[in-house]
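Structural features, examined
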Amino acid sequence: MEFAVIKTGGKQYKVVKGDSIKIEKFKTVSKVGDKVVFDEVLLVDNGKDTTIGTPYIKGAQVEG
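The structure contained in this document is the topic of the report that follows. Remember, predicted model here, so these are calculated numbers, not experimental data. (Residues numbered from 1 in each chain as written. Predicted model: local features only at pLDDT ≥ 70, side-chain atom pairs only at ≥ 80, totals over all residues. Heavy atoms only, no water.)

Before going further, it helps to spend a moment on the pattern of salt bridges. Under the criterion given, the structure shown has two salt bridges. Taking the shortest distance from any N to any O, the salt bridge between Glu24 and Lys11 comes out at 2.9 Å. Here Glu24, found in the loop between strand E2 (11-15) and strand E3 (37-38), pairs with Lys11, found in strand E2; they are 13 residues apart in sequence, far enough to count as distant. On the basis of relative accessible area, Glu24 is assigned to the exposed category, the value being 60%. Lys35 is the partner of Glu63 in a salt bridge, and the nearest nitrogen-oxygen pair spans 3.4 Å. Of the two residues, Glu63 is situated in strand E6 (residues 62-63) and Lys35 in the loop between E2 and E3; the sequence distance between them amounts to 28 residues. Lys35 carries the same exposure label as Glu63, and that label is exposed. (Salt bridge = Lys/Arg side-chain N within 4 Å of Asp/Glu carboxyl O. Helix = DSSP H or I, 4+ residues; strand = E, 2+ residues; numbered from the N terminus. Buried < 20%, exposed > 50% of the residue type's maximum accessible area, 1.4 Å probe, protein only.)

Next comes the structure, spelled out in structure tokens:
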């Protein structure tokens, strides 16, 4: 199972494709269904390899 760990609103979230998450604090105003990009990616695991950022993975993004 592929997943990532992102940081937003001062917290870390484990995210998997297809999941819905509720973020308590978000720096931009958005509505349900709006596309958002998270660029503070701490970890990515594709089922075979794990990439860990220092503290973030350079160039990595998670879209939701």
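Once you've had a look at it, read on.
With that out of the way, let us pick up the layout of surface pockets. When its volume is computed, the largest pocket comes out at roughly 790 Å³. Along its surface, the largest pocket is lined by 30 residues, and Asp19, Ile21, Val36, Phe38 and Gly64 are the ones closest to its centre. Elements with a minimum of two residues in the lining of the largest pocket: strand E1 (3-8), strand E4 (41-45) and E6. In the lining of the largest pocket, the residues fall into 16 nonpolar, seven polar and seven charged. Reported here for the second largest pocket is a volume of approximately 150 Å³. (1 Å grid on protein atoms, 1.4 Å probe; cavity = no way out; pocket = protein on both sides within 12 Å on 5 of 7 lines; lining within 4 Å. Points joined across faces, edges and corners; volume = space filled by probe spheres on them. Nonpolar A, V, L, I, M, F, W, Y, C, P; charged D, E, K, R; others polar.)

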